[in-house]
Amino acid sequence: MSSISLGTGLVSGLPINDLVDSLIALQRRPITQLQTRLQTIGTRRAALLQLSAQLLSVQNTASRLTKADFFRRTQAASSNESVLLASAGSTATPGQYTFTVRSLAAAHQLLSSGFASSNATPLGAGTLTIEGAQGLLNRSTPLSQLNGEEGVHRGKIRITDRSGASAVIDLATASTINDAVTLINADDAVQIVARIEGDHLVLTDQTGLAAGTLAVAEVNGGRAASELGILGASATGEITGSDLVSLSESTRLSLLNDGNGVRRLRGQSDFSAALADGTTLSFDLSDRLALDTPLAVLNRGGGATNGSLRLTTRAGQQVDVDLSAAQTIGDVKTAIESAATGVTVNLTGSQLTLVDSSAATGTTKIEEIGTGTTAANLGLLGTSTTGTITGKDIYFVDTLGDLVRIINTRTGNDGKLTASLAPNGLGLVFTDNTTGVNPFQLTALNGSHALDDLGLTTTPTGNTIQSRRLLAGLNTVLLRSLNGGSGVQLGQVQLTDRAGTTATIDLSSAQSLQDVLDAINAAPTAITTAFSSSGLGIELTDTSGGAGNLAVSDLTGTSAADLHIAANSATTKIASGNLQRQYLSSATLLADLNNGRGIARGSFRITNSNGASAVVDLTQGNEQSLQDVIDEINSRGISVTARINDTGDGLLLEDTAGGPGKLTIGESGGTTAQSLGILGTAAEGQNYFDGSLETRITVTAADTLDTLLAKIKSTRAPVSAAIINDNSGARSYRLSLTSTQSGRIGELAIDAGTTSLSFDTLSQARDATVLFGPPDAASPLVLSSATNTLTDAVGGLRLDLTGTSTTPVTVTVSQDIDSLFEDVSGFVSAVNEVISSIDRLSSFDSETQARGILFADPTARRIRDRLIGLTSRSVAGLAPTLNRLSQIGISLTGGASISLNEEKFRAAYERDPAGVEYLFTTAETGFGPVIEQTIKQLTDTETGAIALQDQSLQSSEDLLNNRITQLETLVERRRQRLLAQFAATESAIARLQSQQTALSGLSGLSSGFSL
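The rules behind each value
- Residues numbered from 1 in each chain as written.
- Predicted model: local features only at pLDDT ≥ 70, side-chain atom pairs only at ≥ 80, totals over all residues.
- Heavy atoms only, no water.
- Helix = DSSP H or I, 4+ residues; strand = E, 2+ residues; numbered from the N terminus.
- Rg over C-alpha atoms; globule rule 2.2 N^0.38 Å.
- Buried < 20%, exposed > 50% of the residue type's maximum accessible area, 1.4 Å probe, protein only.
- Contact = heavy atoms within 4.5 Å.
- Lys, Arg positive; Asp, Glu negative; His and termini not counted.
- Charge placed at Lys NZ, Arg CZ, Asp CG, Glu CD.
- Expected span 1.5 Å × (residues − 1).
- Polar contact = N/O pair within 3.5 Å; in protein donor to acceptor, adjacent residues only side chain to side chain.
- Axes fitted to C-alpha atoms, helices over the stretch in contact; angles between N-to-C directions.
- Parallel < 35°, antiparallel > 145°, perpendicular 65-115°, else oblique.
- Left-handed = near helix turned anticlockwise from the far one by under 90°.
- Nonpolar A, V, L, I, M, F, W, Y, C, P; charged D, E, K, R; others polar.
- Phe/Tyr/Trp six-rings, centres within 6.5 Å; stacked < 30°, edge-to-face > 60°.
- Lys NZ or Arg CZ within 6 Å of the ring centre and 35° of its normal.
- Pairing = 2+ DSSP bridges.
- Salt bridge = Lys/Arg side-chain N within 4 Å of Asp/Glu carboxyl O.

A.B. asks: When you look at the overall build of the protein in this model, what are you seeing that I'm missing?
C.D. replies: When its secondary structure is counted, the protein shows 24 helices and 51 strands. For 1011 residues, the compact-globule estimate of 2.2 N^0.38 gives 30 Å, and the protein exceeds it by more than 25% at 44 Å. Summarising its shape, the C-alpha atoms of the protein cover approximately 180 × 80 × 65 Å along the three principal directions. Residues classed as buried in the protein amount to 45% of the 1011 residues present. Partitioning the intrachain contacts of the protein with sequence separation of at least 6 by distance along the chain shows that 64% fall at a separation of at least 24. For the protein, the distance from the average position of its 70 positive side-chain charges to the average position of its 97 negative side-chain charges is 11 Å.

What follows is the structure, given as structure tokens:
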């Protein structure tokens, strides 16, 4: 075999391998031909793949042509970009809008008193408290909350003092009652002073004249003076305005109780009413539909029109459902389910959900009959291909009007119990209209706090129960909101000034903190009181000049102790410190947290002291309030309970597992715990974690500005802090604190306690204020924002404020036809690229006989024909003047490409933009949906034309590869046979040569032998 491996016969000298290769080459010609065919198929498949990619690019562009927003793009231009920049979205309505930017938003910034050094001067021991504006006791009441939340139309008022001098006060930039007072008092043209007294304003003439008239009038027919309660004239030199604080049916429940709202249960009765005739009614104040929910209370009292609706099921059954006799949600459910087979109506929160299980496929449809509105009023108008129609919200319980309707229309009430707003406009009145011997009584049920939060736990007077005050008043808070919501135990308090004068004040009827201040200031002592400079507490000051003790003590109740002013010492001041206003309750909406930014919807993990853990998932979206979060935590069963903390400003999680570890709350992929204020670990020796939003920093006697700065930065206080050196002299180092949230919502409350720090406001928290419309309008519409960007003031329009001006800025919104033409042009180019590729790949040169790789390919031809054919189709249902692409300038050019005539396109769009939109977006038949569906049919990976052709080519490849493999095997066998034959020949020749040699040897022997 060695002779074979050398490729040359050692005996014969023949080139064996070359001879075999030559012979085999002839045998391989069929294989080579098959491989050429295989390569051609591969190239065709690659070409089709290229076309598929190009078609998908066309489809991506075409998918946008199905959306109305694509054709409604607008652009905005500002007449003065140094004042505001404007940009428009697809929902912006073309036209001109006028804005006057009166003020820019600013963050609250405070600057401390000066120190000689930042790292050597001690600050003195104490506690530095940093809190948001929600903790303030004297926060200025927004104008929008006055007059039963009807607010105040900002405009101009004219004030004339007793000397006859007058001034026009522009209140357009006023956002709060303090703003209005400041603007009035700032005008030196008249000598008057405005102040807040109780729930109203008081204007006092300061001219010193005994005669003359003090008058307030509207300007240009405005309403500001009237709505501020000061419209009119006075010959006494003083105008006492009408009360501005009141409730109305539109007052939000969340505004009651200093914004802590009304704590209600979910799907359980909150309280019952026992009436004189023995009737007992229970009331569920949640916004969850029940079978006995009257239709009359739906849609904020608008009800549900008692008519009929038409239902078509997936099985094709069509029925008209008569609801003319329906009185309750249960009646609606029964009527619909009885009318149609396989249909159920479920109550889902404040919505109805219709489930159609009549068939596995098909469309469920609910429509009106004639001009009726029954389906819409029930929130069920619409269609579904899944068998489920999820209704719209139709039941709301978020205003006093909603609550009153629930009481008065309760099934079984029938006028026996009447709820209404109190005559003083500050509470509710429940009236028992029955007669009998039983006492009228309201009783809380199932542990609900709703009755207490509505102030209805008072003793009945005859057949009525009138609530306490539900709104605090101007620039004050209810006493029940202090001490984290535990309130103040009212009674009599004794005051003694340092001169020895004593007085007793009765606080038993006080409801607001201002009531307490007024009572102390009216007492016949030299003790005055006011809100502290931080706004977090109150301060009493003795001005008697005496040498005795300043004393405040309780005679009955614990008012002084609860207000933290009980004292008896030789001092001229008593400071309450932080009275811990509650501003979070279990009723607080999650959307209102973090200054209205809401929370991050995600998950967090709680691990108790024994190491047991559970994940709380808030991604479902049905958790609306802090009570929902509390319920989620408490349901985990790991001995960790949640509640509102004792200071009313955060969540408290308590670990009762008793293990050796620490309670820990960590994120589980997100920032949910952080946004709820509960991210962290319990402190050493504590079995709870307090998520208070108040930041308390302990300042030691050795702390300096530098060390305090480091402590502030290590907290989550809503401030940015820095040390400023103004090089002004011996005390040039100051601590600067700036709110991280601009606008009034980011106002800070800073209390330096017993440290040597004191703070002055460097920059007030201020909202951006923009007047919409003509600047000389009697009651201009005032837009405001905590930032210098307004995104929802005008639909689809974004305003970025860059400066202020008394001159109006015009924003012109127009259709953005340039961008639209560019995108449509891009679509046409993408289609032409596909056509061009097909033409190139399918070409045939008659001179050279050269053929493109897809020459005569039926799929390529089909693709081209389908694309070209789209240009000539019409859209059914549209006007014949605008139902073809050619009518907007898109047409076939010489059969080789599609062209877009810009002039014709622009003219068509400017003439009828809606028509162009419908041409592309009309469901199923519009050009956008048709091209999208066409390309899907061509490119679908399983049933598309390209996929089917590719599968055919793949089958051919497989057959060829199999045949090639078979031929390769046969050829290899032939090769082996030839090699074996040559080897045998070599062996035969070798034997012959051996025999010849032997014969030659014998011949020699014979020739040398003689006889």
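A.B. asks: How should I be thinking about helix α20 (residues 858-870) in this particular structure?
C.D. replies: Taking 1.5 Å of rise per residue, 13 residues should cover 18 Å, and α20 covers 18 Å from first to last C-alpha, within 8% of that figure. N-cap assignment for α20: the residue whose side-chain oxygen lies 2.9 Å from the backbone N of threonine 859 is aspartate 857.

A.B. asks: Where do I start with the packing of helix α19 (residues 817-841) against helix α21 (residues 902-911) in this structure?
C.D. replies: Packed helices, taken two at a time, are described by their axes: the angle between them and the distance between them. Taken N-terminus to C-terminus, the directions of α19 and α21 make an angle of 130 degrees; their axes are 11 Å apart at the nearest point. As judged from the angle between their axes, α19 and α21 are oblique. Read as a crossing pair, α19 and α21 show a hand that is right-handed. Residues Ile817, Asp818, Leu820, Phe821 and Val824 of α19 touch α21, and the partners they reach there are Glu902, Phe905, Arg906, Tyr909 and Glu910. Considered class by class, the residues forming the contact of α19 with α21 number six nonpolar, no polar and four charged.

A.B. asks: Mind showing me how you'd approach unusual backbone geometry here?
C.D. replies: As a rule of thumb, non-glycine residues mostly have phi less than zero, and peptide bonds are mostly trans rather than cis. Within the chain, arginine 300 stands out as a residue other than glycine whose phi angle is a positive 55 degrees. Mapped onto the secondary structure, arginine 300 falls in the loop between β14 (280-283) and β15 (308-312). On the basis of relative accessibility, which here comes to 38%, the residue arginine 300 falls in the partly exposed class. Positive phi is not limited to glycine here, since asparagine 595 has a value of about 55 degrees. Tracing the backbone shows asparagine 595 in helix α15 (residues 593-596). Given a relative accessible area of 26%, asparagine 595 falls into the partly exposed group.

A.B. asks: Mind showing me how you'd approach the environment of serine 758 here?
C.D. replies: Mapped onto the elements of the fold, serine 758 is located in the loop between β43 (748-751) and β44 (759-763). Classification of serine 758 by relative accessible area gives partly exposed; the value is 38%. On a C-alpha basis, the gap between serine 758 and serine 113 in space is 5.4 Å, while along the polypeptide they are 645 residues apart. Not counting chain neighbours up to four residues away, the residues in contact with serine 758 comprise Leu111, Ser112 and Ser113.

A.B. asks: Can you walk me through the packing of aromatic side chains in this structure?
C.D. replies: By the definition in use, this model includes 10 aromatic pairs. Seen from their ring centres, phenylalanine 271 and phenylalanine 430 are 6.2 Å apart, and the 50 degrees between their planes marks the pair as tilted. Of this pair, phenylalanine 271 sits in strand β13 (residues 271-274) while phenylalanine 430 sits in strand β23 (residues 428-432); the two residues are 159 residues apart in sequence, bridging distant segments of the chain. With a centroid separation of 5.6 Å and 85 degrees between ring planes, the pair formed by phenylalanine 920 and phenylalanine 927 is classed as edge-to-face. We note that phenylalanine 920, like phenylalanine 927, is buried. Site record: aromatic cluster; members linked through ring pairs are Phe70, Phe71, Phe827, Phe920 and Phe927. The ring of phenylalanine 70 carries arginine 73 above its face, with NZ or CZ at 4.5 Å from the centroid. Lying over the aromatic face of phenylalanine 821, arginine 906 brings its terminal NZ or CZ to 5.6 Å of the ring centre.

A.B. asks: Explanation requested: the pairing of strand β48 (residues 797-801) in the structure shown.
C.D. replies: For a regular strand, side chains alternate in direction, first toward one face of the sheet and then toward the other. Where burial is concerned, most of β48 is hidden: four out of the five residues are buried. Where strand β2 (residues 84-88) and β48 come together, five bridges link them in antiparallel fashion. The residue of β48 that forms the bridge with serine 87 is arginine 798. Bridging between strand β47 (residues 789-794) and β48 involves three bridges; their strand directions are antiparallel. In the strand pairing of β48, valine 794 is matched with leucine 797. Once β47 ends, the chain turns through two residues before running back antiparallel as β48, passing glycine 796 with a positive phi of about 80 degrees.

A.B. asks: Sorry, what's going on with the pattern of salt bridges here?
C.D. replies: Note that side chains of opposite charge can pair when their charged atoms are close. With the rule as written, the count across this model stands at 35 salt bridges. For arginine 102, the salt bridge identified is with aspartate 170, shortest N-O distance 3.2 Å. Highlighted residues: arginine 102 in strand β3 (residues 95-103) and aspartate 170 in strand β7 (residues 166-170), separated in sequence by 68 residues. Exposure remark for aspartate 170: the relative accessible area of 23% places this residue in the partly exposed category.

A.B. asks: Just checking my understanding: could you explain the side chain of serine 467 for this structure?
C.D. replies: By the element assignment, serine 467 lies in the loop between β25 (464-466) and β26 (492-496). Separated by 2.8 Å, the side chain of serine 467 and the backbone nitrogen of leucine 428 make a polar contact.

A.B. asks: Quick question: what am I supposed to make of the sheet that holds β44 here?
C.D. replies: Within a sheet, neighbouring strands are paired by backbone hydrogen bonds and run either parallel or antiparallel to one another. Within the open sheet, the four strands sit side by side as β41-β42-β4-β44. Their pairing is antiparallel. Each of the sheet's edge strands pairs with one partner strand only, and the pair in question is β41 (719-725) and β44. With strand direction ignored, the average angle separating the axes of adjacent strands in the sheet is 25 degrees. Here four bridges tie strand β4 (residues 109-112) to β44, and the two strands are oriented antiparallel to one another. Note on β44: the bridge partner recorded for glutamine 109 is serine 763. This element, helix α18 (residues 705-713), spans β41 and β42 (733-739) of the sheet and lies at about 165 degrees to β41.

A.B. asks: Mind showing me how you'd approach the pairing of β7 here?
C.D. replies: Burial along β7 is one-sided: the face carrying Ala167 and Ile169 is buried and the face carrying Ser166, Val168 and Asp170 is not. Count of turn residues in the strand β6 (residues 156-160)/β7 antiparallel hairpin: five residues, of which glycine 164 carries a positive phi of about 95 degrees.

A.B. asks: Any chance you could explain the sheet that holds strand β22 (residues 417-421) here in plain terms?
C.D. replies: A sheet is described by the order of its strands in space; here three strands give the open sequence β22-β23-β25, paired in antiparallel fashion. Two strands lie at the open edges of the sheet, namely β22 and β25, each paired on one side alone. Ignoring which end each strand starts from, the neighbouring axes of this sheet average 15 degrees apart. In terms of strand pairing, β23 meets β25 through three bridges, oriented antiparallel. Looking across to β25, one finds that phenylalanine 430 is bridged to isoleucine 465.

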